[in-house]
Structures are given as C-alpha cells and as structure tokens.
Amino acid sequence: TQRLLKLLSLHTFLNKKVSFSSKSIKYSVLSTAKELGIKSTDLNILPYTYSKNQKIRKKARLSHLKLSQNDPFRFFEETEDVVTDWDAIEMINILSNHKKNGSLQSLGKWINNIENKSLIIFLIKAIGHFDQIENKEILIKKLSDTDKHIRAAAIVAIGKLKLNDLEPKLIKMYKREVRICQKAIIKAIKDFNTGSSLPFLEETYQNTLEHEFK
C-alpha cells in the first residue's frame, strides 16, 4: 500500500493541501493522512497540533500519535482537550498498531504527570486493555483518588489485569463507595472469577433494592 501511495505521489499532494487549504479541507487531509498511514506527512502535520481550532488540533494530534516515528506520545503530557468516547476508540486502534509493531510504551508513566482527568481515565482503561501489569502500583494508588470516575476506571482495570490478590481489598471498599465504583467492583470480581467472593455477592444481591443493579 505504501509503495502505491508513493507511486501516486499522494503524500506530496496531501502536504500541499494541508498547507494552503481551508479549515474543513485541512481536517479532511489530516484524517486521510492518518487513515492511510502516510508517515512522510508528519512534519507538515506537526504545526497543526497547536492549532486554535479544536477539531483540527485534536485530529492533528491523533495523526501524530499514529504517524510519528519520533516521540509519538509527546502530547499525552500537553493536551487539555477532553477525550471523548470516539477519541478513545481512535486512540485504542492507534495504540493497538503500536503494540503490534513493538513500539507501545508503558502508559502508566504519564498518569502521574498530567491533570487532564479524561486522559487519565483513558490511560487507566488502556493499561487494562493492553495487559500492562507493570503499572499495578499506579492502579492501586488510584483506588484512593478523590475522583470517583478515576477510582472506578482503576477498579475495572485491576479486574482486567486479574490482580486477584486485590479482591479482598475491593470487597472491603464496597460499602463505603459510591454506586459507579460499586458496579466497577462487581465487574472486577466477575473478571477475577475466583469463586471466593460468592458469599459477598449473595449478600450484596439480597441487600440491593435497585432492580437494574441486581
């Protein structure tokens, strides 16, 4: 595919378009370069990673994450943009390619250096998704975070990583936690699948009045 793109000089065409076109065309060019994986466009894309237009800035940063061969993860420490569900899907796909190519870094190192809550939650979820068990201690620390959504994400990731030794700790947390974290604890116990929490699950079921939660 890359040989064909080079033969058609598509990278040259896109580089020209991104430099001289309207905002809507810039956005389309950035999307096209990312989807086709045209790495030679990355240097031309880089200036737009600081665009005042949020749509262009976010798309440029996603493109950089996919295309860059030199520090593709640089914007994890800089971005203040909210990571939407669609952004998360795109980033998971991009990170999956990095893992396939052996270039996926350990994602935990950024969590303690950023304040963007939505990005922290995404990185925690990605740690669970990519089985990065080396970040176990970071997840344990996040169990005490003041934000309930971050705690819930950490609990689910712990379940994904099957850190079964934390099952008693999660059960102990259950009664003092808010509903979103309680649901996360139930999900983690399901992922652990040790069978040792059956009495806890039976008691919780009997004491729960919320039909959906039952």
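Residues numbered from 1 in each chain as written. Predicted model: local features only at pLDDT ≥ 70, side-chain atom pairs only at ≥ 80, totals over all residues. Heavy atoms only, no water.

Engineer: Please provide a residue-by-residue account of the side chain of Arg61, values included.
Structural biologist: Looking at the element boundaries, Arg61 is found in helix H5 (residues 54-67). For Arg61, which is buried and forms no salt bridge, the nearest opposite charge comes from Glu78, at a distance of 4.4 Å. Excluding its chain neighbours within four sequence positions, the residues that come into contact with Arg61 are Thr49, Tyr50, Phe75, Glu78 and Thr79. (Helix = DSSP H or I, 4+ residues; strand = E, 2+ residues; numbered from the N terminus. Buried < 20%, exposed > 50% of the residue type's maximum accessible area, 1.4 Å probe, protein only. Lys, Arg positive; Asp, Glu negative; His and termini not counted. Salt bridge = Lys/Arg side-chain N within 4 Å of Asp/Glu carboxyl O. Contact = heavy atoms within 4.5 Å.)

Engineer: Just give me the short version of the confidence of the model for the chain, but keep the residues and values in it.
Structural biologist: Of the residues in the chain, 79% have a pLDDT of 70 or more, and the chain-wide mean is 84. Under a pLDDT of 50 for its full length, residues 4-10 has, in the predicted model, seven contacts with residues more than four places off or in other chains. (pLDDT = per-residue confidence, 0-100.)

Engineer: Describe the packing of aromatic side chains, listing the residues and the values that go with them.
Structural biologist: Enumeration according to the criterion identifies five aromatic pairs in this entry. Geometrically, the ring pair formed by Phe76 and Trp110 is edge-to-face, given 5.2 Å between the ring centres and 80 degrees between the ring planes. Placement of the pair is Phe76 in the loop between H5 and helix H6 (85-100) and Trp110 in helix H7 (residues 108-111), with a sequence separation of 34 residues. Accessibility assignment for this pair places Phe76 and Trp110 in one class, buried. Their ring planes at 85 degrees and their centres at 5.1 Å tell us that Tyr174 and Phe200 sit as a pair that is edge-to-face. Placement of Tyr174 in helix H11 (residues 167-174) and of Phe200 in helix H13 (residues 198-207) is noted, with a sequence separation of 26 residues between them. With a relative accessible area of 7%, Tyr174 lands in the buried category. Aromatic ring contacts, followed pair by pair, group Phe73, Phe76 and Trp110 into a single cluster. Seen from the ring of Tyr50, Arg61 lies directly overhead, with NZ or CZ sitting 5.4 Å from the centre. (Phe/Tyr/Trp six-rings, centres within 6.5 Å; stacked < 30°, edge-to-face > 60°. Lys NZ or Arg CZ within 6 Å of the ring centre and 35° of its normal.)

Engineer: Now, about the pattern of salt bridges: what can you tell me, with residues and values included?
Structural biologist: Overall, the coordinates contain nine salt bridges when judged by the stated rule. Residue Asp165 pairs with Lys136 through a salt bridge whose shortest N-O separation is 3.1 Å. Of the two residues, Asp165 sits in the loop between helix H10 (148-160) and H11 while Lys136 sits in helix H9 (residues 136-142), which places them 29 residues apart along the sequence. The exposure class of Asp165 is exposed, given its relative accessible area of 52%. For Lys136, a relative accessible area of 24% translates into the label partly exposed.

Engineer: Which residues make up the side chain of Glu90, and what values do they have?
Structural biologist: Looking at the element boundaries, Glu90 is found in helix H6. Glu90 gets classed as buried once you look at its relative accessible area, which sits at 9%. At 3.4 Å, the side chain of Glu90 and the side chain of Lys59 are in polar contact. (Polar contact = N/O pair within 3.5 Å; in protein donor to acceptor, adjacent residues only side chain to side chain.)

Engineer: Please provide a residue-by-residue account of the packing of H5 against H6, values included.
Structural biologist: Interaxial distance between H5 and H6 falls to 9 Å at its minimum, and their mutual angle equals 15 degrees. Relative to H6, the element H5 lies roughly parallel. H6 is crossed by H5, and the crossing has right-handed handedness. Two secondary-structure elements touch here, H5 through Lys58, Lys59, Leu62, Leu65 and Lys66 and H6 through Asp87, Glu90, Met91, Ile94, Leu95, Asn97 and His98. Along the lines of polarity and charge, the residues of the contact of H5 with H6 split into five nonpolar, two polar and five charged. (Axes fitted to C-alpha atoms, helices over the stretch in contact; angles between N-to-C directions. Parallel < 35°, antiparallel > 145°, perpendicular 65-115°, else oblique. Left-handed = near helix turned anticlockwise from the far one by under 90°. Nonpolar A, V, L, I, M, F, W, Y, C, P; charged D, E, K, R; others polar.)

Engineer: Run through helix H8 (residues 117-129), naming residues and quoting values.
Structural biologist: In this model H8 runs 18 Å from its N-terminal to its C-terminal C-alpha over 13 residues, within 8% of the 18 Å that 1.5 Å per residue would give. With ten of its 13 residues buried, H8 lies for the most part within the structure. Of the residues making up H8, those classed as buried are Ser118, Leu119, Ile120, Ile121, Phe122, Leu123, Ile124, Ala126, Ile127 and Gly128. Looking at the residues trailing H8, positive phi occurs at Asp131, about 55 degrees. (Expected span 1.5 Å × (residues − 1).)

Engineer: Tell me what's going on with the packing of H11 against helix H12 (residues 179-192), and back it up with residues and numbers.
Structural biologist: Contact geometry for H11 and H12: axes closest at 10 Å, N-to-C directions at 155 degrees. Of the possible angle classes, the one that applies to H11 and H12 is roughly antiparallel. Note that H11 runs across H12; the crossing there is left-handed. In contact with Glu167, Leu170, Ile171, Met173 and Tyr174 of H11, H12 contributes Arg179, Gln182, Ile185, Ile186, Ala188, Ile189 and Phe192. Of the residues belonging to the contact of H11 with H12, the class tally is nine nonpolar, one polar and two charged.

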